[in-house]
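# Structure at a glance
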Amino acid sequence: MKRRAWFRSSLVVGTLAVVAVCGCSRVHKKAPVLHATAAGSALVVSSGDRQLAPSGSPLPQPLIMQVNDNQGNGVTGALVKFSVPAGVKIDPAEALSDSNGEVTANVTLGNTSGRYVLTAMAWNKAGHPISVQVPELAAGYQEELGYQVQRKYCSRCHDPESTPEQVSNHDNLAVPPHSFDQGATYNKLSDADLTAIIGHGGPALNLSALMPPYGSTLTKADIQAVIAYIRLVSDPPYQAPGLVYAKQ
Ligand code: HEC
């Protein structure tokens with residue numbers, strides 16, 4: 001309903017502007033107003049959430065949202081608007097869904113490392129907003145180093161997904177390790193626990209010796225970097241003990 005009211009008042013303003021025939025340079029060039037021709041009943045992330053990129057840089061893949069009807073089919077012509085935290089850029093900030101029900105946007109992360117939560121919004125037939133939160137991850141220097149280190153030394157066992165460059169060994173292990181984004185496991189481990197297990201291997205925490213020791217392969221800085229990476233990608237997010245984060 002709010003939108004309707006806004007629309008009405010913009011009509012009034014528009015009419016006044018015409019009556020006044022001001023021609024004044026103060027009038028801002030308006031972005032084209034998008035008119036939704038349809039409404040869905042659900043908004044979902046099609047792809048592109050939880051991406052990791054260096055802070056201040058564009059995400060490697062676009063964010064694709066999809067507006068669906070109550071059968072799960074894409075709806076064409078529905079309005080999707082994004083709102084983003086300070087420092088994040090999104091293009092376009094609003095669009096109508098295409099023939100697949102999709103809206104595609106390019107995202108550039110803010111300069112500070114951490115977790116950025118974007119909001120995508122659509123409206124159902126009753127005019128009620130449906131919003132979806134989309135987290136994206138900005139890696140600073142340390143997290144980026146941690147990402148590289150874990151790709152080189154850890155992901156072949158810890159990442160269950162195989163890629164063309166790396167076949168995962170995860171499913172062959174008698175005791176399957178967790179992928180580093182599994183906050184349910186990792187958030188319970190302190191930095192000291194992580195340092196011990198990475199440096200001395202699984203037995204340091206009474207875990208399997210299939211987890212090798214890296215104390216003589218990795219430097220202290222490398223291990224700290226991997227821990228910073230693990231904290232960044234954790235889902236649900238990691239809350240450092242004793243720190244209260246401002247809600248975004
Ligand atoms: C050869 C396979 C292998 C490699 C490589 C490997 N790990 Fe593991 N890791 C394991 C296994 C197996 C476990 C599970 C042990 C258990 O639960 O008893 C494990 C467990 C862990 C745990 C405890 C939490 C969990 O996932 O269960 C941490 C932390 C960990 N590994 C960190 C690392 C880091 C960091 C690296 C790279 C520097 C690494 N691992 C490389 C096999 C591996």
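Just above, that's the structure.
Here is what the cut-offs are and how they apply
- Each chain has its residues counted from 1, following the order in which its sequence is written.
- The model is predicted, so local features are restricted to residues of pLDDT at least 70 and side-chain atom pairs to those at 80 or more, both for listing and for counting; the totals for chains, interfaces and linings are taken over all residues.
- Based on all heavy atoms of the structure, the side-chain values leave hydrogens and waters out of the count.
- Throughout this document, a residue counts as near a molecule or strand when at least one of its heavy atoms sits within 4 Å of that molecule or strand.
- Counting of polar contacts relies on pairs of N or O atoms within 3.5 Å, with two restrictions inside protein: one atom must be capable of donating a hydrogen and the other of accepting it, and residues adjacent in sequence are counted only when both atoms are side-chain atoms.
- Numbering goes from the N terminus for both helices and strands, where a helix is a DSSP run of H or I of at least four residues and a strand is a run of E of at least two.
- Note on residue categories: nonpolar means Ala, Val, Leu, Ile, Met, Phe, Trp, Tyr, Cys or Pro, charged means Asp, Glu, Lys or Arg, and polar means any other residue, Gly included.
- Between any two strands, pairing holds if DSSP finds at least two bridges.
- Every axis in this analysis is a line fitted to C-alpha atoms, fitted for helices over the stretch in contact. Angles between the N-to-C directions lie between 0 and 180 degrees.
- A contact between two residues is defined here by any heavy atoms of the two lying within 4.5 Å.

### Focus on the site of the ligand
For the ligand, the set of nearby residues contains 21 residues, the closest of which are Cys154, Cys157, His158, Tyr186 and Met211. A distance of 2.8 Å is found between an oxygen atom of the ligand and a side-chain nitrogen or oxygen belonging to His178. Within the contact set of the ligand, an oxygen atom lies 2.6 Å away from a side-chain nitrogen or oxygen of Tyr186. At the level of secondary structure, the elements contributing two or more residues to the shell around the ligand comprise α3 (155–158) and α5 (191–200). Residue composition of the shell around the ligand, by class: 17 nonpolar, three polar and one charged.

### Concerning the sheet that holds strand β6 (residues 94–96)
Read across the sheet, five strands follow the order β2-β9-β8-β4-β6 without closing on themselves; strand pairing throughout is mixed. With partners counted over all chains shown, the strands left at the sheet margins are β2 (52–54) and β6, one partner each. Across the sheet, the axes of successive neighbouring strands diverge by a mean angle of 30°, strand direction being ignored. Where strand β4 (residues 79–83) and strand β8 (residues 114–123) come together, three bridges link them in antiparallel fashion. When the bridges of β8 are listed, Ser83 appears paired with Thr119. Sheet strands touched by helix α6 (residues 220–233): β2, β8 and β9 (129–139). Its angle to β9, the strand with the most contacts, is close to 175°.

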